[in-house]
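Overview (structure and organization)
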Amino acid sequence: MNFPLPVVSSAIMLFVLTFMLWHAYRKKFSSISSWLLFFSGSALVFTFIFFAGTWAFLSMHLRWLFLALYVAGVAISFINHRKMPFNSKLPKSVWFTVSRVFVLLIGAFLVYMYIDSRQYSGQAVSLDFPFKNGTFYMMQGGSNRLSNLFHSTFSKHGYGYAMDIAELNTFGNRAKGIYSDKLTDYEIYNDTIYSPGEGKIIKLVDGVHDNAPGTLNTKQVHGNHIVIQNKNYVIFMAHLKKGSYLVKQGQVVKRGQPLALLGNAGFTVEPHLHLNIIEDYDTLTARGKSIPALFNGRFYTLNDIIRN
């Protein structure tokens, strides 16, 4: 395995959650005010992890177990400390106050950023979801750098509302295992992609081989991709499977029309669909202004689940 980021990020998340649970069940406080200060920050950090954590590398279902354990731990801790005085006569260390306030501020900032990722500016485009018959989730999406880190870091203007879509299996994971090296282990691999909107195909690139999971094609970034020109924007879809197209360049397609199969070609670590809606698209540079898209009237952000 030459790209262990999912393994590392999952290990870090589990360590943080275990640390928080240990404190919820075992930590002793000298006053209610200390308890409130500690768990205010802890609850905010947990809320962020619950919604934005890397659960899909393990199981989206697992977050509900951790939520139940955390809520139970906080409840038990409160019962054990409810008879404490509101303020303790024991002096608090500067470290205790500073560290708790720091966690509180970090937690508040992370939760704010996640909420903010659901906000968008300008007129959104209403599209059909490009997959059918499955449970899908946003690997990346939303409107800010927290929820859409890799896209927005490359270009907030050109990729700000771009999204990466993957699929979940029965166990709530996007693949068999944390990070499989087999493409067929990924639930979304070989899925049929349907046209989210109508328009004319102005660009269709084929012939790029799928990468093995964990490897990146830095020379052909978008791999096999298709560009559909609508009246006011283009629909840009990348990482399609070589030789799987069901349409041709120059063809006019309708909403819901099958286009191709999902592959893993281009600058992609694992199978997913890169989808971007672009205004003022330049066919020579493949650049333009990224604009928000709605599916079923909803704007989706990181880790949101779409059942279709």
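Our structure's up above, just so we're on the same page.
Because the structure is a prediction, the values reported are computed rather than measured.

1. Some details on the overall build of the protein chain
Per the secondary structure count, the protein chain includes six helices and 13 strands. Long-range contacts, defined here as pairs at least 24 residues apart, represent 75% of the contacts in the protein chain between residues at least 6 apart. Split by element, the accessible area of the protein chain, about 15,300 Å² in all, is 63% carbon and sulfur.

2. A word on unusual backbone geometry
You will see that N133, though not glycine, has its phi angle at about 55°, which is positive. By secondary structure assignment, the location of N133 is in the loop between β1 (125-127) and β2 (135-140). Take N133: its relative accessible area is 70%, and that puts it in the exposed class.

3. Brief notes about the pattern of salt bridges
Here the structure, examined in full by the defined rule, presents five salt bridges. R298 is the partner of D304 in a salt bridge, and the nearest nitrogen-oxygen pair spans 3.4 Å. Its relative accessible area of 6% is what places D304 among the buried residues. Overall, the relative accessible area of 36% leaves R298 in the partly exposed class. Three or more residues are tied together by salt bridges with common partners; here these are R118, R298 and D304.

4. A short note on the pairing of strand β11 (residues 287-291)
Pairing geometry for strand β10 (residues 273-282) and β11, over four bridges, is antiparallel. Note on β11: the bridge partner recorded for D282 is R287. Linkage of β10 to β11, two consecutive antiparallel strands, is achieved through a turn of four residues, within which A286 is found at a positive phi near 60°.

5. Description of the layout of surface pockets
By volume, the largest pocket is sized at about 1,300 Å³. Sorting the residues of the lining of the largest pocket by element identifies α1 (5-26), α2 (32-52), β2 and α5 (149-154) as the ones contributing at least two each. For the lining of the largest pocket, a count of residues per class yields 27 nonpolar, 13 polar and three charged. Considered as a void within the structure, the second largest pocket measures approximately 370 Å³ in volume. Lining of the second largest pocket is provided by 16 residues; of these, F19, M20, F38, V45 and V103 occupy positions nearest its centre.

6. With respect to the packing of α2 against helix α4 (residues 94-116)
At their nearest, the axes of α2 and α4 sit 8 Å apart, and the two run at 30° to each other. Considered as vectors, α2 and α4 are oriented roughly parallel to each other. Crossing of α2 over α4 shows left-handed handedness. Judged by residue contacts, S34, L37, F38, S40, G41, S42, L44, V45, T47, F48, F51 and A52 of α2 engage F96, R100, V103, L104, G107, A108, L110, V111 and Y114 from α4. Among the residues making up the contact of α2 with α4, the classes are represented as 14 nonpolar, six polar and one charged.

What counts and what doesn't
- Throughout, a residue's number is its position along its own chain's written sequence, starting from 1.
- For a predicted model such as this one, the threshold for reporting local features is a pLDDT of at least 70, and the threshold for listing and counting side-chain atom pairs is 80 or more; totals across whole chains, interfaces and linings nevertheless cover every residue.
- Calculated side-chain values reflect all of the structure's heavy atoms, with hydrogen atoms and water omitted.
- Elements are defined by DSSP. Helices are runs of H or I of four residues or more, strands are runs of E of two residues or more, and each kind is numbered from the N terminus.
- In what follows, residue pairs with any heavy atoms lying within 4.5 Å of each other are defined as contacts.
- Here the Shrake-Rupley method, with its probe set to 1.4 Å, supplies the accessible areas, and only the displayed protein chains count as covering residues.
- Categorising residues by exposure relies on relative accessible area from a 1.4 Å probe, with only protein chains included: less than 20% of the type maximum marks a residue as buried, more than 50% marks it as exposed, and the intermediate range marks it as partly exposed.
- When a carboxyl oxygen of Asp or Glu is within 4 Å of a side-chain nitrogen of Lys or Arg, the pair counts as a salt bridge.
- Two strands are said to pair when DSSP picks up at least two bridges between them.
- Using a 1 Å grid laid over the protein atoms alone, points where a 1.4 Å probe fits but cannot get out form a cavity; open sets with protein on both sides within 12 Å along at least 5 of 7 lines form a pocket; any residue with an atom within 4 Å of a point counts as lining.
- Grid points are joined across faces, edges and corners, and a volume is the space filled by probe spheres set on the points.
- Here the term charged refers only to Asp, Glu, Lys and Arg, the term nonpolar to Ala, Val, Leu, Ile, Met, Phe, Trp, Tyr, Cys and Pro, and the term polar to all other amino acids, Gly among them.
- Note on method: axes are straight lines fitted to C-alpha atoms, helices fitted across the in-contact stretch only, with angles between N-to-C directions ranging 0 to 180 degrees.
- Our angle categories are set so that under 35 degrees counts as roughly parallel, over 145 as roughly antiparallel, 65 to 115 as roughly perpendicular, and the remainder as oblique.
- Working rule for handedness: look at the near helix, and if it is turned counterclockwise from the far one by less than a right angle, call the crossing left-handed; if clockwise, right-handed.

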